[in-house]
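One letter stands for each residue in the lines below.
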Amino acid sequence: MSQLPKPDSEQLRAKYPDVFDRPASSRLAMPAMMIGAFAIFIFGLVDLEFSPAKLISGLSQLGWITLMMIPPDPGSSLPLYLTALGETLSIALLGTTIAAVLALPVSLLAARNIVPSGFLRFPVRRLLDSIRGVDTLIWALVWINVVGLGPFAGVLAIAVSDFGAFGKLFSEAIEAADKKQVEGIRASGGNALHEIRFGLMPQVLPVIAGQVLYFIESNTRSATIIGIVGAGGIGLQLAEQIRVLEWQKVSFLILMILVAVAAIDWISGKLRFAIIGKRAVV
Amino acid sequence: MASAVSILPGPQLAALNDAYRKAVASKRLRMTLATAVFSACLIIAAIGAEVNLRTFFTHFGNFLSYFDRIFTLEDGTRVWTNIGEWFWGWRKWLWMLGETILISYVGTLIGAVLAFVLNFFAAENTSPVPWLRFVIRRLLEFARTVPGIVFALIFVIAFGLGPTAGVLAIAIHSTGALGKLFSEIVENADMKPVEGVRSTGASWLSCMRFAVLPQVAAGYASYALLRFEINVREASVMGFVGAGGIGQELVVAIRKFYYSDVSAILVSIIATVFIIDIGTGWMRSRLFGREART
């Protein structure tokens, strides 16, 4: 075995001064950030009324609740819950579809390669940002004021809040599209609408379809919670049963939600696979 | 220039056209079928969700006039003509917004630490025992699938009204979401350094610390910041169920029809979300370069 030559540390030190003697600022940056983050964390715990006594009593309470949840049991209201679940799935499907249909034309306005002037693009983008900044639950409260309690308010809430998300995602997909097809259409004498229809849409639609399917999946989750404020679906039942402390029914409802989400997950995974092929399935 | 395009003789062209039509026909048929199935689903969904277009159109004016009303002060003038009157409660609202951000910060941090501890057991390439991986994965899935606000509803009963329930709900949900993302990063990590470290006789813990962690730390921080951004939005509605933050004020304002308060709180929530978005975006680009911004 050959002996490795002993490194000449003095020479190395002279050659790479910043490896051996890092300036204090760069050496201290990481610990300082960590201490800062930790300090805010401690401040947060104090400010948000955390206390060991509260945590312990809360956890023991939670333990009791968990024990009382077993076994999950719907009592006599299984048909009611199944209808509510159907309502939730309907809300998710319908809300997402409406959002996608409305967002497609608007996303064209927000895409740089369609609307080069910032005049129109900028306000459209800010509008989409503001819509996204407001949570689905808040939209649900607003729509309840307009169309009354019930699942229809939920559909509209999901449609509006997804409209903001889709507008952004679609416009990003459009901006990422290849310019060559569009130029080809233009070279053969197509007008602007032809360019969009035959040059852009064939590239963009599979991506969009994938995103819409993904959102239907994640909206099944959102649709379960908007019931909490009165916008229909299984969340309404869930919030009610939690309020009257019927823990067995609560755990049954949670199980139902988990199964439904898993099922939608599986179906939309298959569909996405069929539409856009394996490579694009995230 | 038109003469440069050569036109094929008739019979040859007809054959080509036929082949084209046949190819397109099967595709069109599939497309029509898919559209039909989808519309059928939509109609069933519309019946299930009690869609009533008549109420929608009779009340749609309400939706527009709602925005008209929330931007009008009590004395009938537009809100922006009298900012002081519009944001009359800014001290309290600013405090509540601070609490909202703090809830999401503490929640995200707890969630990120838990996810950090758990994700090495959930990743396929680093998990020491298969059954443990299965258990941890199912746990994370559960934490991720149950919406945060459902946890908040239950925690409000266990821990009492107040921000504690909100923080814990956000922490659990973040653990689930981040645990999955973190373990995906670990699964994409290069395993050669791990082999190198293990060949020196190091334990599992040292392998994780010295071989995996340096590769994945940047990705972790980036995802945690992204999660913080999402959690600020989530924390803004935790107050709806009594779990602290600005949501409490908002739900009271909406339910009691304090119109100008609704718009003031909404505007401040949107502004906060913007600022946090821009701030975390800036931080991520500072920390990890532009390519890490997703």
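Because the structure is a prediction, the values reported are computed rather than measured.

### Some details on the overall build of chain A
Argument step 1. Along its length, chain A carries 12 helices and 0 strands.
Argument step 2. Starting at the N terminus, the α and β elements of chain A follow one another as α-α-α-α-α-α-α-α-α-α-α-α.
Argument step 3. Relative to its length of 282 residues, chain A is extended, with a C-alpha radius of gyration of 27 Å against a globular reference of 19 Å.
Argument step 4. Overall, the C-alpha framework of chain A stretches about 85 × 75 × 50 Å when taken along its three principal axes.
Argument step 5. Within chain A, the proportion of its 282 residues that are buried is 37%.
Argument step 6. For chain A, contacts bridging at least 24 residues in sequence account for 71% of all contacts bridging at least 6.

### Quick notes on the overall build of chain B
Argument step 1. Scanning chain B for helices and strands turns up 11 helices and 0 strands.
Argument step 2. Along chain B, helices and strands appear, N-terminal first, in the series α-α-α-α-α-α-α-α-α-α-α.
Argument step 3. In terms of overall dimensions, chain B is more spread out than a globule: its C-alpha atoms have a radius of gyration of 28 Å, far above the 19 Å expected for 294 residues.
Argument step 4. Taken along the three principal axes of its C-alpha coordinates, chain B extends 80 × 75 × 45 Å.
Argument step 5. Among the 294 residues that make up chain B, the fraction classed as buried is 38%.
Argument step 6. For chain B, restricting intrachain contacts to residue pairs at least 6 apart in sequence, the fraction spanning at least 24 positions comes to 70%.

### Here we look at the confidence of the model for chain B
All names here are of chain B.
Argument step 1. Confidence in the prediction for chain B averages 84 pLDDT; 96% of positions are at 70 or higher.
Argument step 2. Segment residues 290–294 is flagged for pLDDT under 50; beyond a separation of four residues in sequence, or across chains, it makes 7 contacts in the model.
Argument step 3. The ipTM assigned to the predicted complex is 0.77, against a pTM of 0.79.

### Looking at the interface of chain B and chain A
Argument step 1. Taken together, the contacts link 48 residues of chain B with 46 residues of chain A.
Argument step 2. Elements that contribute at least two residues to the side of chain B that touches chain A include exactly helix 1 (10–48), helix 2 (53–70), helix 4 (90–122), helix 6 (148–159), helix 7 (163–187), helix 9 (204–238), helix 10 (247–255) and helix 11 (259–288) of chain B.
Argument step 3. No other element matches the 7 residues that helix 6 of chain B contributes to the side of chain B that touches chain A.

### Some details on the environment of Ser130 of chain A
Argument step 1. One can find Ser130 of chain A in helix 6 (residues 118–133).
Argument step 2. Judged by the 16 C-beta atoms lying within 10 Å of it, Ser130 of chain A is partly exposed.

### Some points on the packing of helix 5 (residues 78–110) of chain A against helix 8 (residues 151–175) of chain A
Residue and element names in this part refer to chain A.
Argument step 1. Their axes nearest at 6 Å, the elements helix 5 and helix 8 cross at an angle of 40°. Overall, the two elements helix 5 and helix 8 adopt an arrangement that is oblique. For the pair helix 5 and helix 8, the sense of crossing is right-handed.
Argument step 2. A per-class count over the contact of helix 5 with helix 8 returns 20 nonpolar, 6 polar and 2 charged.

### Here's the deal with unusual backbone geometry
Argument step 1. The residue after Ile70 of chain A, namely Pro71 of chain A, is reached through a cis peptide bond having omega -5°.
Argument step 2. Within the secondary structure, Pro71 of chain A sits in the loop between helix 4 (52–69) and helix 5.
Argument step 3. Here the phi dihedral of Phe257 of chain B falls at roughly 60°; this positive angle occurs in a residue that is not glycine.

### Examining the nonpolar core
Argument step 1. Residues Ala140 and Ala157 of chain A together with Ala152 and Ala169 of chain B are the most contacted members of the largest nonpolar core, which totals 141 residues.
Argument step 2. Once you skip the residues sitting within four places of it in the chain, Ala140 of chain A turns out to touch Ala153, Gly154, Ala157, Ile226, Val229 and Ala231 of chain A.

### A word on the environment of Leu271 of chain A
Argument step 1. Relative to the assigned elements, Leu271 of chain A resides in helix 12 (residues 247–276).
Argument step 2. The spatial distance from the C-alpha of Leu271 of chain A to the C-alpha of Leu193 of chain A is 29 Å, given a sequence separation of 78 residues.

### Remarks on the packing of helix 4 of chain B against helix 9 of chain B
Residue and element names in this part refer to chain B.
Argument step 1. Closest axis-to-axis distance for the helix 4/helix 9 pair is 8 Å, and the angle between their directions is 145°. Our pair here, helix 4 against helix 9, has a crossing hand that is right-handed. Here Thr100, Ile101, Ile103, Ser104, Tyr105, Gly107, Thr108, Ala112, Phe116 and Phe120 of helix 4 lie close against helix 9, whose contacting residues are Met208, Tyr220, Ala224, Arg227, Phe228, Asn231, Val232, Glu234, Ala235, Ser236 and Met238.
Argument step 2. Of the residues that constitute the contact of helix 4 with helix 9, the class distribution is 13 nonpolar, 6 polar and 2 charged.

### Quick look at the environment of Ser199 of chain B
Residue and element names in this part refer to chain B.
Argument step 1. The residue Ser199 is located in helix 8 (residues 192–199) in this model.
Argument step 2. Given 8 C-beta atoms within a 10 Å radius, Ser199 is considered exposed.
Argument step 3. With 79 residues separating them along the chain, Ser199 and Phe120 place their C-alpha atoms 20 Å apart.

Basis of the calculations
Residues numbered from 1 in each chain as written. Chains lettered and ligands numbered in written order. Predicted model: local features only at pLDDT ≥ 70, side-chain atom pairs only at ≥ 80, totals over all residues. Helix = DSSP H or I, 4+ residues; strand = E, 2+ residues; numbered from the N terminus. Rg over C-alpha atoms; globule rule 2.2 N^0.38 Å. Buried ≥ 20, exposed ≤ 12 C-beta atoms within 10 Å, placed from the backbone. Contact = placed C-beta atoms within 7 Å. pLDDT = per-residue confidence, 0-100. Axes fitted to C-alpha atoms, helices over the stretch in contact; angles between N-to-C directions. Parallel < 35°, antiparallel > 145°, perpendicular 65-115°, else oblique. Left-handed = near helix turned anticlockwise from the far one by under 90°. Nonpolar A, V, L, I, M, F, W, Y, C, P; charged D, E, K, R; others polar. Core = buried A, V, L, I, M, F, W, Y, C linked by C-beta atoms within 7 Å.

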